Amino acid sequence: MLPSTILRAPHTTSVFKRAQNGLFGGKSKQYGNNVPHSKQKTRRSWLPNVQSKRLYSEILGTTMKTKITTRALKTIDKYGGIDGYLMNAKISSLGDAGLRMREQLLDAKEAALKQHSS
């Protein structure tokens, strides 16, 4: 049986609201200045590079459609897939959507363990 109190995290809030609806890997909106030749600075912002992707989960046996940053995609490759990323990544970098996906994986793992032990 998995220790649910250690692996599951409470609801986290994110400053960047769009990051709650996908896997942004801790990336958020950045701010800075446009500086032309005249040196008259004007404020601007940069958004993360967000793509819509379908990622296959081996534990669930299905694909999960999510909005994800290209940086998070590289991290998923590093962890060997979406399952490894969701189980091993820092909770602060997952966001709300990542925590929901992690809950689904944990529930599926617990169900598989119960079915296997019966």
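Residues numbered from 1 in each chain as written. Predicted model: local features only at pLDDT ≥ 70, side-chain atom pairs only at ≥ 80, totals over all residues. Heavy atoms only, no water.

## Describing the sheet that holds strand E5 (residues 62–69)
Applied cut-off: Two strands are counted as paired when DSSP detects at least two bridges linking them. A helix here means a DSSP run of H or I that spans at least four residues, while a strand means a run of E at least two residues long, and both kinds are numbered starting from the N terminus. By the convention used here, residues are in contact when the closest approach between their heavy atoms is within 4.5 Å. Helix axes are fitted only over the stretch in contact, all axes being lines through C-alpha atoms; the angle between N-to-C directions runs from 0 to 180 degrees.
The 3 strands are arranged E1-E5-E4 in an open sheet whose pairing can be described as mixed. Of all strands in the sheet, those with a lone pairing partner are strand E1 (22–23) and strand E4 (50–57), marking the two edges. Bridge analysis of E1 against E5 gives 2 bridges, and the strand direction is parallel. Note on E5: the bridge partner recorded for Leu23 is Ile68. Where helix H2 (residues 70–79) meets the sheet, it contacts E1, E4 and E5, and its direction lies at approximately 130° from that of E5.

## What to know about a positive patch on the surface
We count it as follows: Only residues whose relative accessible area exceeds 30% and that form no salt bridge enter a patch; like-charged residues are grouped when within 9 Å of one another, and nonpolar side chains (Val, Leu, Ile, Met, Phe, Trp, Tyr) when within 5 Å. The method behind every accessible area is Shrake-Rupley, applied with a 1.4 Å probe, and residues are considered shielded solely by the protein chains displayed. Criterion for a salt bridge: a side-chain nitrogen of Lys or Arg within 4 Å of a carboxyl oxygen of Asp or Glu. Here Asp and Glu are counted as negative and Lys and Arg as positive; His is not counted, and neither are the chain ends. Working definition for charges: the position is that of NZ of Lys, CZ of Arg, CG of Asp or CD of Glu. Accessible area is worked out with a 1.4 Å probe on protein chains only. A residue is then buried under 20% of its type maximum, exposed over 50%, and partly exposed in between.
Residues Lys27, Arg71, Lys74 and Lys78 make up a contiguous surface patch of positive charge. Within the secondary structure layout, Lys78 lies in helix H2. Since its relative accessible area comes to 68%, Lys78 is described here as exposed.

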